[in-house]
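Per-entry structural report
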Amino acid sequence: MHHMTLAEIARGLADKKFSSEELTKTLLARIAQLDPQLNSFISLTEELAMSQAKAADARRANGETGALLGAPIAHKDLFCTQGIRTSCGSKMLDNFKAPYDATVVAKLAAAGTVTLGKTNMDEFAMGSANESSHYGAVKNPWNLAHVPGGSSGGSAAAVAARLLPAATATDTGGSIRQPAAFTNLTGLKPTYGRVSRWGMIAYASSLDQGGPLARTAEDCAILLQGMAGFDPNDSTSIDEPVPDYSASLNDSLQGLRIGVPKEYFGAGLDPRIADLVQNSIKELEKLGAIIKQISLPNMQHAIPAYYVIAPAEASSNLSRFDGVRFGYRCENPQNLVDLYKRSRGEGFGAEVQRRIMVGTYALSAGYYDAYYLKAQKIRRLVKNDFMAAFNEVDIILGPTTPNPAWKLGAKNSDPIAEYLEDVYTITANLAGLPGLSMPAGFVDGLPVGVQLLAPYFQEGRLLNVAHQYQLNTDWHTRTPTGF
Ligand code: GLN
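Bear in mind the structure is a predicted one, so any value in this text is a computation, not a measurement. (Residues numbered from 1 in each chain as written. Predicted model: local features only at pLDDT ≥ 70, side-chain atom pairs only at ≥ 80, totals over all residues. Heavy atoms only, no water.)

1. Quick notes on the packing of helix 8 (residues 271–286) against helix 15 (residues 459–472)
This is how the line gets drawn: Here an angle of 0 to 180 degrees is reported between the N-to-C directions of two axes, which are lines fitted to C-alpha atoms, with helices fitted over the stretch in contact. Helix numbers and strand numbers start at the N terminus; a helix is a DSSP run of H or I with at least 4 residues, a strand a run of E with at least 2. Just so you know how the angles are binned, under 35 degrees is roughly parallel, over 145 roughly antiparallel, 65 to 115 roughly perpendicular, and the rest oblique. Contacts are residue-level and defined by heavy atoms, with any inter-residue pair within 4.5 Å sufficient. For this classification, the nonpolar set comprises Ala, Val, Leu, Ile, Met, Phe, Trp, Tyr, Cys and Pro, the charged set comprises Asp, Glu, Lys and Arg, and every other residue, Gly included, is treated as polar.
Remark: helix 8 packs on helix 15, axes separated minimally by 10 Å, with the N-to-C direction vectors making an angle of 95°. Put simply, helix 8 runs roughly perpendicular to helix 15. Counted together, Ser280, Glu283 and Leu284 of helix 8 and Val465, Tyr469 and Asn472 of helix 15 form the full contact between these two elements. Here the residues of the contact of helix 8 with helix 15 sort into three nonpolar, two polar and one charged.

2. A look at the site of the ligand
Applied cut-off: Proximity is defined per residue: any heavy atom of the residue falling within 4 Å of a molecule or strand makes that residue near it. Any N or O atom pair separated by 3.5 Å or less is treated as a polar contact, with the protein-specific requirement of one donor-capable and one acceptor-capable atom, and with residues adjacent in sequence counted only for side-chain atom pairs.
For the ligand, the set of nearby residues contains 15 residues, the closest of which are Thr172, Gly173, Ser175, Tyr203 and Tyr306. At 2.8 Å from a nitrogen atom of the ligand is found a side-chain nitrogen or oxygen belonging to Ser128. Between Thr172 and the ligand, the recorded distance is 2.7 Å, taken from a backbone N or O atom to an oxygen atom.

3. Some thoughts on the pairing of strand 3 (residues 114–119)
The following threshold applies: Here's how the labels work: a residue is buried when its accessible area is under 20% of the maximum for its type, exposed when over 50%, partly exposed in between, all with a 1.4 Å probe on protein chains only. When DSSP finds two or more bridges between a pair of strands, those strands are recorded as paired.
In terms of burial, strand 3 is a largely internal element, six of the six residues being buried. Bridge count between strand 1 (residues 41–44) and strand 3: three bridges; the pairing is antiparallel. Across the sheet, the residue bridging to Ser43 is Lys118, located in strand 3. Sheet analysis places strand 2 (residues 72–76) next to strand 3, joined by four bridges and oriented parallel. Pairing of Pro72 across the sheet is with Val114, part of strand 3.

4. Observations concerning the environment of Gly445
Examined against the element boundaries, Gly445 turns out to sit in the loop between strand 10 (435–443) and strand 11 (446–453). Along the backbone, Gly445 and Pro480 are 35 residues apart, and their C-alpha atoms lie at a distance of 9.3 Å.

5. Thoughts on helix 10 (residues 336–347)
Spelled out, the test is: Helices are assigned an expected span. That span is 1.5 Å times one less than the residue count.
With twelve residues, helix 10 should cover 16 Å at 1.5 Å per step; its first-to-last C-alpha distance of 16 Å lies within 8% of that length. For helix 10, the capping residue at the N-terminal end is Asn335, with a side-chain oxygen 3.2 Å from the backbone nitrogen of Val337.

6. Quick word on unusual backbone geometry
The amide bond that connects Gly150 to the next residue, Ser151, takes the cis arrangement and shows omega of 0°. Within the secondary structure, Ser151 sits in the loop between strand 3 and helix 5 (153–160). Even without being glycine, Ala125 reaches a positive phi, approximately 65°. Mapped onto the fold, Ala125 is located in the loop between strand 3 and helix 5. One non-glycine residue, Asp444, adopts positive backbone phi at about 55°. Mapped onto the elements, Asp444 comes out in the loop between strand 10 and strand 11.

7. Some points on the nonpolar core
What counts here: Among buried residues, those of type Ala, Val, Leu, Ile, Met, Phe, Trp, Tyr and Cys that are joined through side-chain atoms within 4.5 Å constitute a nonpolar core.
The biggest cluster of nonpolar side chains holds 105 residues, and the ones touching the most others in it are Phe124, Phe386, Ile396, Leu452 and Leu463. Looking at which element gives the most residues to this core, the answer is helix 9 (residues 302–317), with nine residues. For Phe124, the residues in contact, after removing those within four places along its chain, are Cys88, Ser90, Met92, Leu93, Ile201, Tyr203, Leu318, Phe321, Phe348 and Val352. Of all hydrophobic cores here, the second largest spans 33 residues; its members include Leu28, Ile31, Leu163 and Phe483.

8. Structural notes on the pattern of salt bridges
Operational definition: Any carboxyl oxygen of Asp or Glu that lies within 4 Å of a side-chain nitrogen of Lys or Arg is treated as forming a salt bridge with it.
Counted according to the given criterion, the structure contains 17 salt bridges. A salt bridge links Arg325 to Asp322, with the shortest nitrogen-to-oxygen separation between them at 3.4 Å. Here Arg325 falls in the exposed class, since its relative accessible area comes to 57%. Residue Asp322 is classed as buried on the basis of its relative accessible area of 11%. The closest approach of N and O atoms between Arg354 and Glu351, which form a salt bridge, is 2.2 Å. Highlighted residues: Arg354 and Glu351, both in helix 11 (residues 350–363), separated by three residues, approximately one helical turn.

Written out as structure tokens, the structure is:
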């Protein structure tokens, strides 16, 4: 049962082949058996899951239908879940039970999903390896000595290991697409504003966006359908109608113009990944796509700009964790300043503290113009590059990451080496564009992802291209040994 995709589960439930209760029990047992190897969950919500499964079965018995009715999923542990610990991977929030559900959680629950638990993640979503979690590193099911990618590494490892069919995740600079690439999944970062951020604990508010992680584009379409939509509680949510993402999956790719940026194939890219990207291009050409070389001339400035803007916003967002209102409080504070200092010093891990320092510095008087303002100007140039490119092409294609998943601990002593791995993903966040990563082959037994980017609100086009690719390739069906 655990090999089924969301689409297969929906058909099985509709045909009464099994109940959501049976499926939920099976998956909970599988998690108990296999997750100790992976550490992909921070909290399990067995009781909630069983009661949601029963309720979903009852709704189906009453004649209700729906692709997500009775579907087991999990939420990245930065989506607020009412009455359930929402830790954000941090000691700071280890004791925090959210008083309300995030909009994404509430929408998916209303659609009938069953929440199996909350998945592990880099602390406050800062990282590309899922090693900065207070709850320990997550392991990659394809090779337990390697990282699963981050920051949504728990969601990715759990779905890749067939502990569940799909999970929610968030992407500030690549945290859906990069772990998808590292674990052989399909992951979609929607257009900024497409999915509500209300109740999603903020890292960098102008970049954060929630989205689905699943094994197929078809499943990403199903999960995104349940997540997307206008939310008056989120001031940056956009009031645009949500199309039927499953309806456009089978559109023809005849004449689709795919742009391949020449800057993507520079020195930092593993040549074996470059070859797999070329293979995916050939596959899409067979389906009728037309390939054009394009240029994104400001791409080289994106990493420095992102690693100013994201920490700047983080330093502001994380100022609320001060030991006073919620979260960790130090023992026996001597006075208010001591309370602030020790609560934050003890509650936040090293990477989070580094980002707060960098961000505070970049925003301070005298440095604001030199760093923050400059980074914002680069951000606009990056966006302009994309706008020019999308005048000529419908989709941009390239590698999701320059290298496959590295060994656990390999980049711990050099944070900048880890930042550089985000080179292909962060530009979409700076511009607010939607992006998708899909499985495209293996290097040394480790999965490789191909990234597709599209104009604003063209999530359907990304899912359509990835689905057509998946109908003609079988990379996404490969299963890690032992799972
Ligand atoms: N690796 C990037 C960072 O650490 C992106 C993380 C994310 O998308 N949440 O900022």
